[in-house]
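# Residue-level structural notes
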Amino acid sequence: MEKERSEKDLVIEKLVRQLLIEIGEDPDREGLKGTPHRISKMFKEIYRGYDQTKAPKITTFPNGTDGITYDNMVIDQGDFYSQCEHHMKDFFGKYWFAYIPAPEGRILGISKIGRVVDYCSAKLQVQERLSHDIVAMLKEALMKDGAPEPLGIALVMKGRHMCKESRGARKKGIMTTTVIEGAFRDDPIVREEFMHQVGNVTEV
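Residues numbered from 1 in each chain as written. Predicted model: local features only at pLDDT ≥ 70, side-chain atom pairs only at ≥ 80, totals over all residues. Heavy atoms only, no water.

## Topic: the overall build of the protein chain
In terms of regular secondary structure, the protein chain is built from 7 helices and 7 strands. The dimensions of the protein chain, computed from C-alpha atoms along their principal axes, are 65 × 40 × 20 Å. Classification of the 204 residues of the protein chain by burial places 41% in the buried group. In the protein chain, the proportion of contacts linking residues at least 24 apart, taken out of those at least 6 apart, comes to 69%. Here the protein chain displays about 12300 Å² of accessible surface, and carbon together with sulfur accounts for 51% of that area. In the protein chain, the 31 positive side-chain charges and the 32 negative ones have mean positions that sit 5 Å from each other. (Helix = DSSP H or I, 4+ residues; strand = E, 2+ residues; numbered from the N terminus. Buried < 20%, exposed > 50% of the residue type's maximum accessible area, 1.4 Å probe, protein only. Contact = heavy atoms within 4.5 Å. Areas by Shrake-Rupley, 256 points an atom, 1.4 Å probe, with all protein chains shown as cover. Lys, Arg positive; Asp, Glu negative; His and termini not counted. Charge placed at Lys NZ, Arg CZ, Asp CG, Glu CD.)

Structure, rendered in structure tokens:
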């Protein structure tokens, strides 16, 4: 049985209904009868990044607790999906996150990286800010309880933007943003190793 709708749900449904009328639609026609309610439910999911109670718990472990002190590069790659704050159109693509743990620092639970990407993406964003939000959240977790800063941290995001592809310029293309810190910024060999993993991606 579906939960009773909150006051916020009803407000969103009323606004969506009015929007349908303003663009020339009939919200009472068969195909649209449930659309305001469906959109209200969808907003809870795709904009969950505004709800701090849904922020992921980022598990970290002290480096060396399993008998191995790891101070080489750790890389995670995956997909992301968000919405542009300028036109509320989708943008989506791939990310590559890497860090080098400090010997006396902490290690990330690998599944938590994707959860942080999803949470930071679940609000109206621009790709530049999204990149910084992800790195800031993961870096804060790595420095929990006074742990030292990782030796390096890097993020590359490559995204397609529907505000460019489906309106306005109507041109397909990939936007790339980067956040590079520590050894990834200062050491060309480290940076080259990471960028080699990213590769020459021309489709996302």
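## Some thoughts on the packing of aromatic side chains
Taken as a whole, this structure holds 5 aromatic pairs when the rule is applied. An aromatic cluster of three or more residues is present, and its members are Phe43, Tyr47 and Tyr50. (Phe/Tyr/Trp six-rings, centres within 6.5 Å; stacked < 30°, edge-to-face > 60°.)

## What to know about the nonpolar core
Proteins that are soluble and globular tend to have nonpolar side chains buried together. Grouped together as the largest cluster of nonpolar side chains are 26 residues, with contacts concentrated most on Phe97, Leu108 and Ile134. Those elements that place two or more of their residues in this core are strand 2 (74-84), strand 3 (90-100), helix 3 (110-121), helix 4 (127-142) and strand 6 (152-161). Not counting residues up to four positions away in its chain, the partners in contact with Leu108 are Ile58, Thr59, Thr60, Phe97, Tyr99, Ile113, Leu138, Ala141 and Leu142. Among the nonpolar cores identified, the runner-up in size contains 12 residues, and Trp96, Ile180, Val190 and Val198 belong to it. (Core = buried A, V, L, I, M, F, W, Y, C linked by side-chain atoms within 4.5 Å.)

## Considerations on unusual backbone geometry
Both trends apply: most residues other than glycine have a negative phi, and most peptide bonds are in trans. In this model, Met88 sits at a positive phi of 55°, which is unusual for a non-glycine residue. With respect to the helices, strands and loops of the structure, Met88 is situated in the loop between strand 2 and strand 3. Its identity as a non-glycine residue notwithstanding, Arg170 has a phi of 55°, on the positive side. Mapped onto the elements, Arg170 comes out in the loop between helix 5 (162-165) and strand 7 (175-182). Judged by its relative accessible area of 60%, Arg170 is exposed.

## Thoughts on the pattern of salt bridges
Counted under the stated rule, the structure contains 10 salt bridges. For Asp9, the salt bridge identified is with Lys44, shortest N-O distance 3.2 Å. With a gap of 35 residues between them, Asp9 in helix 1 (residues 7-22) and Lys44 in helix 2 (residues 35-46) connect regions that are remote in the sequence. With its nearest N and O atoms 2.9 Å apart, the salt bridge here joins Glu25 to Arg29. Through salt bridges that share partners, Lys139, Glu149 and Glu181 make up one connected network. (Salt bridge = Lys/Arg side-chain N within 4 Å of Asp/Glu carboxyl O.)

## Points about helix 3
Taken as a whole, helix 3 has its buried residues at Lys112, Ile113, Gly114, Val116, Val117, Tyr119, Cys120 and Ser121. Of the surrounding elements, those touching the buried residues of helix 3 are strand 2, strand 3, strand 4 (106-108), strand 5 (124-125) and helix 4.

## Considering helix 2
Compared with the 16 Å implied by 1.5 Å per residue over 12 residues, the 16 Å span of helix 2 between its first and last C-alpha is a close match. All of the buried residues in helix 2 are Thr35, Pro36, His37, Ser40 and Ile46. Contacts made by the buried residues of helix 2 are with helix 1 and strand 2. (Expected span 1.5 Å × (residues − 1).)

## As for the sheet that holds strand 3
If you walk across this open sheet you meet the 5 strands as 5-2-3-6-7, and the pairing is mixed. The strands lining the two open edges of the sheet, one partner per strand, are strand 5 and strand 7. On the sheet, helix 3 packs against strand 2, strand 3 and strand 5 and is oriented at approximately 15° with respect to strand 2. (Pairing = 2+ DSSP bridges. Axes fitted to C-alpha atoms, helices over the stretch in contact; angles between N-to-C directions.)

## Describing the environment of Tyr50
Checked against the element boundaries, Tyr50 lands in the loop between helix 2 and strand 1 (60-62). Note: C-alpha distance between Tyr50 and Lys123 (73 residues apart in sequence) is 6.4 Å. With near-sequence residues (within four places) excluded, Tyr50 lies in contact with Ala122, Lys123 and Leu124.

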